[in-house]
Amino acid sequence: GAYSDKGILICDAIYEKLEGLNSFSLKVGRSNVEYDYGEDWYTERVVYRWGLINFAGEEVLPADYKEIEEKGDSGFIQINQYEYVGLLDATGRILLEPKYYQIGEFVDSYSIVLGSISVFNKKREVVEAKAYGVIDGALNEVIPCCFKSIEYDSETGMFKTEKGYKLKDGRFVCSMDKKTVLIPSVYMYCREFFDGRAISIKLNNPGFKYGMIDTTGKDVLPPIFDSLLRFDNGLYRFGLNDLYGII
């Protein structure tokens, strides 16, 4: 149980673990037995599931979470449920349901997150793959989880991916004739410009769709193709619904 520093009862001794978290909440834990199974064996282990109560003893968050901890100096509380993490405000209100594998530290009000994306394997079966994205301080996903790697470049204020740089608003940064061209955030990225046009790639989930844009970011070809490849003579081969043609 717990008493306040003024000797007022907060809660009776109904929890197996109780820890201070912040000025709004106490972290409470109850034990639970979990089992691991094999073909001809099993083991059991005692684990704790955590929740939150306020200083009036009222339950703020049920004891269903693997871990609850403050998220650095961001003002958020991170919760871990199964293999996913989410975020609470300082009072324990859920702001972001657990849906990411990782949420990085907030730098300049942005955090790199590890989530998942639906893609096609070689057999054209839909499978889930882990991928990185970015959320802002309001917990909006400004860069979808579709990149294999993302790093924050504090000098430029941009995010470096394996495909190039993205601005904080999600636009892709590329160049043509030594001039910077900003590609709308609806696109994951674009390839190199030729004759004022570039192949654009849009997240479709599952997979990706391909189109073509000009230097203003406007569609020359809408992103409806399953594949789009440029030939040296200025022609393009497209794939759509397992059929192929030339543009």
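Scroll up for the structure.
What you see is a predicted model; the values in this text were computed from it and never measured. Counting restarts for each chain: residues are numbered from 1 in the order of the written sequence. Two thresholds apply to this predicted model, a pLDDT of at least 70 for residue-level local features and 80 or more for giving and counting side-chain atom pairs, whereas whole-chain, interface and lining totals are computed over all residues. Note that water and hydrogens are dropped before the side-chain values are worked out from all heavy atoms of the structure.

## Here we look at the packing of aromatic side chains
Inference 1: Two rings from Phe, Tyr or Trp (for Trp, the six-membered ring) form a pair when their centres are within 6.5 Å of each other. A pair whose planes differ by under 30 degrees is stacked, one over 60 is edge-to-face, and the rest are tilted. With the rule as written, the count across this model stands at 10 aromatic pairs.
Inference 2: Consider the rings of Tyr-110 and Phe-159, whose centres lie 6.1 Å apart with planes at 65°: the pair is edge-to-face. Remark: Phe-159 occurs in strand β16 (residues 158-161) and Tyr-110 occurs in strand β12 (residues 110-120); sequence separation between them is 49 residues.
Inference 3: Residue Tyr-110 is classed as buried on the basis of its relative accessible area, which comes to 18%.
Inference 4: Think of it in three bands: residues with accessible area under 20% of the maximum for their type are buried, residues over 50% are exposed, and the middle band is partly exposed, with areas taken using a 1.4 Å probe on protein chains only. Judged by relative accessible area, which is 1%, Phe-159 ranks as buried.
Inference 5: Here, over-ring charges are defined by two tests on the NZ atom of lysine or the CZ atom of arginine: distance to the ring centre within 6 Å, and angle to the ring normal within 35 degrees. Above the ring of Phe-120, the side-chain terminus of Arg-124 is found at 4.1 Å from the ring centroid. Secondary structure counts use DSSP, requiring at least four H or I residues in a row for a helix and at least two E residues in a row for a strand, with both numbered from the N terminus.

## Some words on unusual backbone geometry
Inference 1: Of note, the bond from Asn-205 into Pro-206 is cis; its omega dihedral lies within 30 degrees of zero at 20°.
Inference 2: Phi at Lys-178 is positive, roughly 65°, even though this residue is not glycine.
Inference 3: When you line up the elements, Lys-178 lands in the loop between β18 (172-176) and β19 (179-183).
Inference 4: Lys-178 sits in the exposed class, given a relative accessible area of 86%.
Inference 5: One non-glycine residue with positive phi stands out, namely Asn-241, at about 55°.

## Focus on the sheet that holds strand β11 (residues 102-103)
Sheets are built from strands that pair by backbone hydrogen bonding, the pairs being arranged parallel or antiparallel.
Inference 1: We treat two strands as partners when DSSP finds at least two bridges between them. A sheet is described by the order of its strands in space; here 4 strands give the open sequence β11-β12-β13-β14, paired in antiparallel fashion. Unpaired on one side and paired on the other, β11 and β14 (141-147) mark the two borders of the sheet.
Inference 2: As paired strands, β11 and β12 are joined by 2 bridges and run antiparallel to one another. When the sheet's bridge partners are listed, Gln-102 is paired in β12 with Leu-114.

## Some words on a nonpolar patch on the surface
Inference 1: Together, Val-33, Tyr-35, Tyr-37, Trp-41, Tyr-42, Val-46 and Tyr-48 line one region of the surface with nonpolar side chains, adding up to about 780 Å² of accessible area.
Inference 2: For the nonpolar patch, the secondary-structure elements that each account for two or more residues are β4 (25-37) and β5 (42-54).
Inference 3: We classify Trp-41 as partly exposed; its relative accessible area is 46%. Patch building starts from residues that exceed 30% relative accessible area and form no salt bridge, then joins like charges within 9 Å and nonpolar side chains (Val, Leu, Ile, Met, Phe, Trp, Tyr) within 5 Å. Surface accessibility in these figures is a Shrake-Rupley result with a 1.4 Å probe; residues are shielded only by whichever protein chains are displayed. What makes a salt bridge here is a side-chain nitrogen of Lys or Arg within 4 Å of a carboxyl oxygen of Asp or Glu, nothing more.

## Topic: the nonpolar core
Inference 1: As used in this record, nonpolar core signifies buried Ala, Val, Leu, Ile, Met, Phe, Trp, Tyr and Cys residues forming a set joined through side-chain atoms within 4.5 Å. In this structure, Tyr-100, Ile-103, Ile-135, Ile-183 and Cys-190 are the most contacted members of the largest nonpolar core, which totals 42 residues.
Inference 2: No other element matches β14, which puts 5 residues into this core.
Inference 3: Core analysis: the second largest hydrophobic core is formed by 9 residues, Leu-52, Leu-61, Ile-79 and Leu-88 among them.

## Observations regarding the sheet that holds strand β9 (residues 84-88)
Inference 1: Across the sheet, which stays open at both edges, the 4 strands sit in the order β7-β8-β9-β10 with antiparallel pairing between neighbours. At either end of the open sheet lies a strand with only one pairing partner, and these are β7 (67-70) and β10 (94-100). Between one strand and the next, the sheet's axes are offset by a mean angle of 20°, whatever the strand orientation.
Inference 2: Bridging between strand β8 (residues 77-81) and β9 involves 5 bridges; their strand directions are antiparallel. Each bridged residue has a counterpart across the sheet, and for Gln-78 the counterpart in β9 is Leu-87. Each axis is a line fitted through C-alpha atoms, and for a helix only the stretch in contact is used; angles between axes span 0 to 180 degrees, taken between their N-to-C directions.

## With respect to the environment of Leu-182
Inference 1: Tracing the chain through its elements places Leu-182 in strand β19.
Inference 2: Leu-182 sits 163 residues away from Glu-19 along the chain, and the two C-alpha atoms are 49 Å apart.
Inference 3: Note on contacts: a residue pair qualifies if any of its non-hydrogen atoms lie within 4.5 Å across the two residues. Contacts of Leu-182, omitting those with residues within four sequence positions, involve Leu-167, Arg-171, Phe-172 and Val-173.

## A short note on the state of the cysteines
Cysteine pairs can be linked by a disulfide, which is a covalent bond between their two sulfur atoms.
Inference 1: Disulfides are defined as pairs of cysteine sulfur atoms found within 2.5 Å of each other. Under the criterion given, the structure shown has 0 disulfides.
Inference 2: Just so you know, Cys-146 is unpaired, no disulfide at all, and the nearest cysteine sulfur is the one on Cys-145, 7.7 Å from it.

## Points about the pairing of strand β3 (residues 17-20)
Inference 1: Two elements, β3 and β4, share 4 bridges in a ladder whose sense is antiparallel. Counted as the bridge partner of Lys-17 is Gly-29 from β4.
Inference 2: If you look at the hairpin formed by β3 and β4, you'll find 4 residues sitting between the two strands.

## Some words on the pattern of salt bridges
Inference 1: Summed over all chains, the structure comprises 9 salt bridges.
Inference 2: The shortest N-O distance in the salt bridge between Arg-45 and Asp-36 comes to 3.0 Å.
Inference 3: Assessed through its relative accessible area of 29%, Asp-36 is described here as partly exposed.
Inference 4: Notably, a salt bridge pairs Asp-226 with Lys-209, separated by 2.6 Å at the nearest N-O pair. Taken together, the residues Asp-226 in the loop between β23 (219-225) and β24 (227-230) and Lys-209 in strand β22 (residues 208-214) connect sequence positions 17 residues apart.
Inference 5: Asp-226 gets classed as partly exposed once you look at its relative accessible area, which sits at 27%.

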